[in-house]
Amino acid sequence: FFDHSSMATWPAAATDFASVNSYLDALHTVDEQTATDMNNFWLIWAAVLVFLMQCGFTMLECGAVRSKNVSNIIFKTTMDALLAALCYWICGWGFAYGGDTVSGVKQNGFIGSGEFCLVSSGPFDEAYYGAWFFQWAFTATAATIVSGAVAERIRIEAYVLLSGSICGFIYPVVVHWVWSAVGWLSAFNDGSKTARFGTNGMLDFAGSGVVHLCGGAASFAAAWILGPRRGRYGPKGESYADKTAREAVFRPHNRVLCSLGTLLLWFGWFGFNCGSTLAIAGGASIVAAKVAVCTTLGAASGGASSIILNRIVKGYLDVDSLLNGVLAGLVSITAGCSLVEPWAAVTIGLIGGVFYLGCVKLCHLMHVDDPLEAGPVHGGGGIWGCIAVGLFATEYNLKAAYTKTTGKYGLFYGGGWEQLGVNCVGWFTIMVWTMAMVLVVLFPCRLLGVLRVHPHVEDAGLDESEHGGSVYEGTGKAISKSDPFEDPYGGYLPPQAPYYPSMY
């Protein structure tokens, strides 16, 4: 079992079996410490990759908005990282995992308690610093998803309030449900302290529902209550020429940034999904490798289906649909990346790309203006990803990823309907909770008139009014609220044609 060549380093009195056993125990202790160090490094490295996704989000969003709002995007995505760190330290970790790692804290399946500021329940267990760092990076991702959906018209004060609420409360509660040791939907809940829904609980390995659906549902709700950007949608019966001209105004101003941002997100996603093994020693590297393969295939097939369908419908190869199709494929495979086979990852990605385009169409029909299509990508992809686990998860992969042998897994592999049903309850609950909480946060802001910027500010660009000038010289314009302006909707709905906003 061990290397006999190492016997030269054994104690001199090798015939003293007590000494030999003591030496072997010491070697075993060293091996355990090495495994712990490897696992901690794995978490830290994965978290760094996930945090790199903030750069991807920033580049993607900067390229997708009009040039007069780029500084505002940079400010918001950076603020998301800042707020995520502080809010998650103050109360986010406590609401998500509080009580999991310490005794004497009353636990329940809905929300965590204790460990606020990492000190309220006594000294923080040093073994969990890596976990805190990893989960903070996830929190920043969930918040930043919303940034693009409300771009070009939300006030900074309202956005900071919304982002802080997501980081400190809305998202951590979802995490507690699905990933804590006592959550009512958690696969890690053994049922000894709180009840768990379903035999396995909700299977969401890396966060299609927990992270992306939470961010996507928040995006949809926020974009809905904000209303479209001025001039984004025309009146009924608008001519095709007018509609085309109107849409051209709102196209991304820099697709180079969009493409680089998307590729950075794809790169960081390997930390997101592979890192969710939470370990690399003891055979976890095999699971992580399979996760990497499925993540790659999901992204590729999502982009392929999206661009092919868009080519059929629109008659040209739309770069925006390609990029968002890749992201939709990544979101879709995130829940099941450790639970499905590679062929299923391709199938999930293909359907994810189509699902995303359908959600985009639905949003436009409802006049929900989402400049980054964050709701369709992360919300639609998140829903499909949760459903796909209930269809494609295999018994072998369930045992490898979760060490479970319950007989409840994917419907297509003979595991019955239960897991599909549990995951559907999970994604529906996450969606309803998130949208309701976002409306609770933003509706008072709308009533108080602090939700949306003044129409003149929106026309001039938020860079000019909020950040001392545009990133690009010659874009934006001076703001004058004395100019004649009539807006019967108070800035929350677009005026009707013939208004055409500036593309610069």
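Residues numbered from 1 in each chain as written. Predicted model: local features only at pLDDT ≥ 70, side-chain atom pairs only at ≥ 80, totals over all residues. Heavy atoms only, no water.

### Here we look at the overall build of the chain
The criterion, for reference: Comment: elements are numbered from the N terminus, with helices defined as DSSP H or I runs of at least four residues and strands as E runs of at least two. Partly exposed residues are those whose accessible area sits between 20% and 50% of the maximum for their type, while under 20% is buried and over 50% is exposed, using a 1.4 Å probe and protein chains only. Only heavy atoms enter the contact rule, under which two residues are in contact if any of them lie within 4.5 Å.
Each helix and strand counted, the chain has 15 helices and 0 strands in total. Within the chain, the proportion of its 504 residues that are buried is 54%. The contacts of the chain with a sequence gap of at least 6 include a subset with a gap of at least 24, amounting to 76%.

### Remarks on the environment of Thr 58
Stated precisely, the cut-off is as follows: Within 3.5 Å is the distance limit for a polar contact, defined as a pair of N or O atoms, with the added protein rule that one can donate a hydrogen and the other accept it, and that residues adjacent in sequence qualify only through two side-chain atoms.
Relative to the elements of secondary structure, Thr 58 occurs in helix H1 (residues 17-64). Spatially, the C-alpha atoms of Thr 58 and Phe 75 are 9.3 Å apart, while their sequence positions differ by 17 residues. For Thr 58, the residues in contact, after removing those within four places along its chain, are Ile 73, Ile 74 and Thr 77. Side chain to side chain, Thr 58 and Thr 77 meet in a polar contact 2.9 Å long.

### Thoughts on helix H13 (residues 418-448)
Since the α-helix packs 3.6 residues into each turn, any two residues three or four apart lie on the same face. Stated precisely, the cut-off is as follows: Expected span, for any helix, means 1.5 Å times one less than how many residues it has. Bend is the name given here to the angle between axes fitted to two runs of seven residues, the run ending at a residue and the run starting at it.
The terminal C-alpha atoms of H13, which comprises 31 residues, lie 46 Å apart, in line with the 45 Å expected from a rise of 1.5 Å per residue. Helix geometry: H13 is bent most strongly at Val 440, by close to 25°, with proline Pro 444 lying one to four residues after it. Looking one or two places after H13, you find Gly 449, whose phi comes out positive at around 75°.

### What about the pattern of salt bridges?
Our working rule: Here a salt bridge means any side-chain nitrogen of Lys or Arg lying within 4 Å of a carboxyl oxygen belonging to Asp or Glu.
Summed over the entire model, instances satisfying the criterion amount to 12 salt bridges. With its nearest N and O atoms 2.9 Å apart, the salt bridge here joins Arg 246 to Glu 238. Put simply, Arg 452 and Glu 458 hold a salt bridge, and the shortest N to O gap is 3.0 Å. The class for Arg 452 is buried, based on a relative accessible area of 6%.

### Some points on the packing of helix H3 (residues 129-149) against helix H4 (residues 156-179)
To keep things clear, this is the line we draw: The axes used here are C-alpha line fits, helices contributing only the stretch in contact, and every angle between their N-to-C directions lies in the interval 0 to 180 degrees. Throughout, the term roughly parallel applies to angles under 35 degrees, roughly antiparallel to angles over 145, roughly perpendicular to angles from 65 to 115, and oblique to all others. Should the near helix be turned anticlockwise from the far one by less than a right angle, the crossing is left-handed, and should it be turned clockwise, the crossing is right-handed. Here the term charged refers only to Asp, Glu, Lys and Arg, the term nonpolar to Ala, Val, Leu, Ile, Met, Phe, Trp, Tyr, Cys and Pro, and the term polar to all other amino acids, Gly among them.
Here H3 crosses H4 at 130°, and the two axes come no closer than 9 Å. As judged from the angle between their axes, H3 and H4 are oblique. Every pair of crossing elements has a handedness; the one defined by H3 and H4 is right-handed. Listed contacts from H4 to Gln 135, Phe 138, Thr 139, Ala 142, Ala 143, Val 146 and Ser 147 of H3 are Tyr 159, Leu 162, Ser 163, Ile 166, Cys 167, Tyr 171 and Trp 179. Tallied by class, the residues present in the contact of H3 with H4 amount to 10 nonpolar, 4 polar and no charged.

### Observations regarding helix H11 (residues 374-392)
Compared with an ideal rise of 1.5 Å per residue, which puts 19 residues at 27 Å, H11 spans 25 Å between its outermost C-alpha atoms and is within 8% of the ideal. Most of H11 is tucked away, with 19 of its 19 residues classed as buried.

### Focus: the environment of Trp 427
Secondary-structure assignment places Trp 427 in helix H13. Along the backbone, Trp 427 and Leu 213 are 214 residues apart, and their C-alpha atoms lie at a distance of 7.5 Å. Apart from the residues within four sequence positions on either side, Trp 427 is in contact with Met 202, Leu 213, Ile 383, Cys 386 and Ile 387.

### Things to note about the nonpolar core
Across soluble globular proteins, you tend to see nonpolar side chains buried next to one another. Inclusion rule: Think of a nonpolar core as a cluster: buried Ala, Val, Leu, Ile, Met, Phe, Trp, Tyr and Cys residues, connected wherever their side-chain atoms sit within 4.5 Å.
Among the nonpolar cores identified, the biggest contains 121 residues, and Tyr 171 and Trp 179 are the most heavily contacted of them. Ranked by residues supplied to this core, first place goes to H4 with 13 residues. Dropping the residues within four chain positions of it, Trp 179 is found in contact with Tyr 97, Gln 135, Phe 138, Tyr 171, Ser 186, Phe 188, Asp 204, Phe 205, Ala 206, Gly 207, Val 210 and Val 211.

### Side note on the side chain of Asn 324
By the element assignment, Asn 324 lies in helix H9 (residues 319-334). Judged by its relative accessible area of 9%, Asn 324 falls in the buried class. Leaving out residues up to four positions away in the same chain, Asn 324 has contacts with Tyr 356, Leu 372, Glu 373 and Val 377.

### Details of the packing of aromatic side chains
As a reminder, the rule being used: Centres within 6.5 Å are what make two rings of Phe, Tyr or Trp a pair, Trp counting through its six-membered ring; a difference in plane orientation under 30 degrees is then read as stacked, over 60 as edge-to-face, and the rest as tilted. By definition here, charges over rings are those cases where NZ of Lys or CZ of Arg is within 6 Å of the ring centre and within 35 degrees of the ring normal.
Applying the stated criterion across every chain, the model contains 22 aromatic pairs. Aromatic rings pair up to connect Phe 95, Phe 110, Phe 116, Phe 169, Trp 177, Trp 184, Phe 197 and Trp 433 into one cluster. Lys 76 extends its terminal NZ or CZ atom over the ring of Tyr 159, reaching a point 5.1 Å from the ring centre. If you follow Arg 232 out to its NZ or CZ, it ends over the ring of Tyr 233, 4.9 Å from the centre.

### Some thoughts on unusual backbone geometry
Of note in the backbone geometry, Glu 152 takes a positive phi value of approximately 80° without being a glycine. Checked against the element boundaries, Glu 152 lands in the loop between H3 and H4. Overall, the relative accessible area of 1% leaves Glu 152 in the buried class. Its identity as a non-glycine residue notwithstanding, His 367 has a phi of 55°, on the positive side. By the secondary structure assignment, His 367 is in the loop between helix H10 (342-365) and H11. Of the residues examined, His 367 reaches a relative accessible area of 39% and is grouped as partly exposed.

### A few points about the confidence of the model for the chain
In low-pLDDT segments, the atomic positions of the prediction should not be examined closely. Heads up, the rule is: By definition, pLDDT measures how confident the predictor is in each residue, and it falls between 0 and 100.
Here the chain averages 88 in pLDDT, and 87% of its residues register 70 or above. Scored below 50 in pLDDT, residues 1-15 shows 9 contacts in the model against residues more than four places distant or in partner chains.

### Some words on the packing of helix H8 (residues 284-314) against H9
The geometry of H8 relative to H9 is characterised by a closest axis approach of 7 Å and an angle of 140° between their N-to-C directions. With respect to each other, H8 and H9 are oriented oblique. Relative to H9, the crossing made by H8 is right-handed. Contacts between H8 and H9 involve Cys 294, Thr 295, Gly 298, Ala 299, Gly 302, Gly 303, Ser 306, Ile 307 and Asn 310 from the former and Ser 321, Leu 322, Gly 325, Val 326, Gly 329, Leu 330 and Ile 333 from the latter.

### Some words on the environment of Gly 426
Assignment of secondary structure puts Gly 426 in helix H13. Residues in contact with Gly 426, not counting those within four places in the same chain, are Leu 185 and Met 202.

### Comments concerning a nonpolar patch on the surface
The cut-off we apply is this: A patch is a set of surface residues, each over 30% in relative accessible area and not in a salt bridge, joined within 9 Å for like charges and within 5 Å for the nonpolar side chains Val, Leu, Ile, Met, Phe, Trp and Tyr. In this description, accessible areas are obtained by the Shrake-Rupley approach with a 1.4 Å probe, and a residue is regarded as covered only by the protein chains that are shown.
Taken together, the side chains of Phe 41, Ile 44, Trp 45 and Val 48 define a hydrophobic patch exposed on the protein surface, amounting to about 400 Å² of accessible area. Turning to its location among the elements, Ile 44 is positioned in helix H1.

### So, the state of the cysteines
Formally: When two cysteine sulfur atoms lie within 2.5 Å, the pair is treated as a disulfide.
Counted under the stated rule, the structure contains 0 disulfides. Free of any disulfide, Cys 258 has its nearest neighbouring cysteine sulfur in Cys 62, separated by 9.3 Å. Overall, Cys 258 belongs to the buried group, its relative accessible area being 3%. Here Cys 424 is not disulfide-linked; the sulfur of Cys 386 is the nearest cysteine sulfur, at 8.5 Å. For Cys 424, a relative accessible area of 25% translates into the label partly exposed.

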